[in-house]
Every structure is written in structure tokens, then in C-alpha cells.
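Observations on the model geometry
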Amino acid sequence: MTWAELYAVLRDRGLLSAGSDASAPTAQTPVSGIAYDSRHVQAGDVFVALRGQHADGVAFAADAVVRGAVAVVAQEPAPDQFAVPWAQVSNARLALAAIAIAANHDPSRRMKVVGITGTNGKTTTAHLVASIFEAAGVRCGLLGTVAYRIGNQTRPATRTTPEAPDVQAMLAEMVAKGCGACAMEVSSHALALGRVEGMQFAAATFTNLTRDHLDFHADMEDYFQAKRHLFEMLPREHPAIINADDPRATQLLETVGRAVTYGISRPADVTPTPLSYSLKGLEFQAKTPNGVLNLRSALVGRPNVYNILAAVATAVALDTPNEAIETGIAALDRVPGRFQVVSAPSDDVNVVVDYAHTDDALKNLLETARPLTNGRIITVFGCGGDRDRTKRPLMGAVAGRLSDVILITSDNPRTEDPARIIEEIQRGITPDTRRNTAQSTLAVVDRRQAIERAIDMAVAGDLVLVAGKGHEKYQTIGSQTLPFDDVEVARAALSRRRTRQGVR
């Protein structure tokens, strides 16, 4: 596209500030891309100056021009005699989304994009939805916390929902590679910051809302309103898939035009038959508006029943054949870092790695684990630094109430003192919150040592849960991001345990 065409998009969307039209461009300057970080500007890009928590992108506009930017979009007026065209807008983030969509020829309107939001379950639900689409013969891309999948290529994810130019470029690439659909996790940050503004979603799915991200959102109501915006964006005739068991369901039902509900405890459009659980997976029937489905899954536990129901309800709402739904659910054998069993059949203990990093997610994890073992539950977890501190004692209380042995350790401490984080977690473990008087709690700052110690102290029949980081393959300590993988650390500790026991 040209700069004049992108400028027209800003004008037509009502994003230009008063007076900007006086300098509307007429030259057909070609634009090669959209950039929001001056360090990544390439020749021919438009640079959009965003206001961040620590800096204002306007300060880097001159650097962007030196690197080849042909125009600048910002909320501030242009400096005198600036070297390239400058469009002043009312909201730079909305402007970024609008021109990113236009520059990539509006890819969300050329495929079915399913937006999935909620505190817990987004990743697993997205993988399930993608698996169902594939089983139906529709190539499906994936954007989420663990990875970005574009055609046959998988890339590590940098954030759950990237900035608008990255989202639109990947969606356009999916279209070019023959994808007819995309299962996309939509984070509250992305919704609050306008990263998906202007997209068309074929369906929107709500998993649940529990305490998280209160370092970013003012309070739980603010957090909910961010999630709700996905459903406000949804065309009235497009299906909204809502967890009927969540307390926020009623408010969402009032927001949308076409609702499809799912749940276990309350009446809903998609519900399961009686459930039983084992480490081998799940098998149950789901009653849907399109008939009864026979579902088998290698996924484990009650939270994954919700994730499966969410995916089933989404697929049913999009008129997917029942056979494809059943096949797609069965085809997904695991999701990295989501109740991932890393122990082998020859091990005398079970070890599970999970991403649970909120008090509700940890509660779900521990309640899922309890009926799966006759031994003790040994829980290894911590809390991230420079994030919501209020959840730390809450997570401690949950661990105390539902674990037999607790090892509190480092997560990603970032710039905080790990020992201080552990101390704040420990405040939630009181005599009133302990599972029993025999429960032991250990503080082990080094995460590797904590995992190894938990596996070493386990006796036959115990279940070790390593929570908080899941699929992540790094640990952020201070200003350093270091290689670290809970799965690999646990497997190495299990291997040493087998060697000591003489087990092959």
C-alpha cells in the first residue's frame, strides 16, 4: 500500500486529530511495513510511536527516520520541519491496529478466526479447536502462549497475543499458506491495548475469569471489562461460546447476540455425562444441540473437561461435523506444560509439570491431582517477580490446604529478591490453611534444587507437581534470561532416581 492509502484509513476510521487533514498526503509513497519499535524499522516502514509504561515512542521517531521510516504516526504533533510526513492521531494503538489490518489486506475476513479468552484454559482450548478444524479438513493456524503455528511451521511464542502488526502479518501468512481458520488466544492485555481492534472473529470463546494480572488491571472489574470487549467486538450474528458455570456468564450473555453455553454444574447447551478421572485420560459423552458426541481424550482432569466442552461448543456453533469433533478431540495427545506427565511407566512416582501460576489454577491443578494418587502430593511452585504481589499468599494458602508437602521456590523472580517472594507466599500458609499438622513446608530458592529435592524425597505412589512455568524454557533472574526447562530438569532427576534403584 501507499502512505496516502494508509492515511486515508486513519481518516476514515476517525482517528486523525483535529487539523491533520490539512496536511493530507497526495504522493503515492510505497509502504513496505508497519513498525512500532524504532530498532526494528526497515526502509519503507511507517513508524507508529506508542506510549509505553516507561517511554514514549515519539522520542525515537528521529531514529526511526534514520533507519528508513517514510512516515510517522503519533499522538503528539510533529516537531517543526520534521523530515517525513507525520500523522497526529487521537489513539496511536488504535491507529496501529487499523493500518496493520489494511496493510495486510484484512486477513481475519479471509478466514475463520476463533478468539479464545479467559484466565485459565485458553491454550488447551485453542489447541483443541485447532485439532478439530484439522480433523474437519480445514488447515488451522494457531496463535497463543506456547507457540505460533503457521501452515506447517511452528515458531516459539514471544507473548500470548502479539502487537497488531505481528498478529496481522501472521494471519496474512496463514491465508497465503492455505489456512482456512485460526485458533487464537486473546489476552486481556491485548484487548485493553487495542492489539486486535478492528478484527473480525468468526466466534469468541470465554473459558473463565479468576484473579490474575492485577499488576496491569486496576481491579477484577477492569480485568473483566477487558475480556468482555472481545464479545463487544463480535458481530451479533456470530456465536459467543460461554462457560455457564462461571459467575461472569450472565453479564456476557447480556452482551452478545448469539450465545452457545457449556458447563458441568449448570444447565447449558453442551454438557457432559457423569465423569470419572484417571492419569490415562478422559472418556465421556457430551450432549450438544447437534446430538450426543462420544469423546475420548488423553488430557487429564476436570479443568480439561471444561476445555474440551469449550472446544466442542465452539465447533458445534460453527457447524462442524460431529465426526470431525470426536476425531479432533481424540487426536490431541497433550499440550506442552499443561498437566504434562513427565514420569515414565517404570517410575515408582508420578511427576507432572503444569503452567498453573494463579491461586485458582493451582487449586484446579491440586484438585485434579488428588483423586489420581493414593500417596502424597508434593507441590513445587513459586511466584513471578515484578507482577501482582497480592496473589502470593493466596497461592500459599491453596498449596497449604491441598498439598501434603510444599517446596516453595523461585519462578521468574526478575528484579525482585527471590527470598522475599517466598516469604510473601509463606504468609498464606497458616495453621488454619494447612491440610494437616504433619504437613511440611520447605523454602528452596534454587528452582533446579527444589525440583530435584521433591523427586528425591518422594516415596512410591507419591505425585510430584511442578507448577508455575509449564512450557517455558527459560528463567528470568535479574536482567538475565537463562535457559531452564522444568520438564527436562524433572526428567533428569527421575533418570537419576531410576539409576539409584537399578531400574532401566
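What comes next is a walk through the structure. Predicted model only: the values in this text are computed from it and were never measured.

About the thresholds
Residues numbered from 1 in each chain as written. Predicted model: local features only at pLDDT ≥ 70, side-chain atom pairs only at ≥ 80, totals over all residues. Heavy atoms only, no water. Pairing = 2+ DSSP bridges. Helix = DSSP H or I, 4+ residues; strand = E, 2+ residues; numbered from the N terminus. Contact = heavy atoms within 4.5 Å. Axes fitted to C-alpha atoms, helices over the stretch in contact; angles between N-to-C directions. Right-handed = clockwise from strand over helix to strand, strands pointing away. Buried < 20%, exposed > 50% of the residue type's maximum accessible area, 1.4 Å probe, protein only. Arc of directions from axis to C-beta. Phe/Tyr/Trp six-rings, centres within 6.5 Å; stacked < 30°, edge-to-face > 60°.

1. Examining the sheet that holds strand S17 (residues 350-354)
The sheet built from six strands is open, its strands ordered S16-S17-S21-S18-S19-S20 with mixed pairing. Each edge of the open sheet is held by one strand with a lone partner, namely strand S16 (340-341) and strand S20 (440-443). The pairing of S16 with S17 spans two bridges and is antiparallel. Its bridge partner being in S17, Val341 is matched across the sheet by Val352. Seen against the sheet, helix H12 (residues 391-402) touches strand S18 (377-381) and strand S19 (405-408) and runs at an angle of roughly 165 degrees to S18.

2. Topic: the pairing of S20
Sheet topology note: the S19/S20 ladder contains four bridges and is parallel. Opposite Leu407, over in S20, you have Leu442 as the bridge partner. Assessed by its sense of winding, the connection that carries the chain from S19 through helix H13 (residues 418-426) to S20 is right-handed.

3. Re the sheet that holds strand S1 (residues 33-35)
Adjacent strands of a sheet form backbone hydrogen bonds with each other and so pair up, either parallel or antiparallel. Strands sit in the order S1-S2-S3-S4 across an open sheet of four strands; the sheet is parallel. Because the sheet does not close on itself, it has two edges, and the strands there are S1 and strand S4 (86-88). On average, each strand axis in the sheet is inclined to that of its neighbour by 20 degrees, with strand direction left out of account. Sheet topology places strand S3 (residues 71-74) next to S4; three bridges connect them, and they run parallel. Residue pairing for S4: Val72 is matched across the bridge by Trp86.

4. Section: helix H10 (residues 322-331)
Taken together, the buried positions of H10 are Ala324, Ile325, Gly328 and Ile329. When H10 is viewed along its axis, its buried side chains cluster within an angular range of 130 degrees and face the same direction. The exposed residues of H10 that point more than 90 degrees off its buried face are Glu323 and Ala331. Buried residues along H10 sit against helix H4 (122-135), strand S15 (291-297) and helix H9 (302-317).

5. Remarks on the packing of aromatic side chains
According to the stated counting rule, one finds three aromatic pairs in the structure shown. Note on Phe82 and Trp86: the rings are 4.9 Å apart at their centroids and 85 degrees apart in plane angle, and the pair reads as edge-to-face. Judged by relative accessible area, which is 23%, Phe82 ranks as partly exposed. Judged by its relative accessible area of 11%, Trp86 falls in the buried class. Relative to Phe231, the ring of Phe206 lies with its centre 6.5 Å away and its plane at 80 degrees, an arrangement referred to as edge-to-face.

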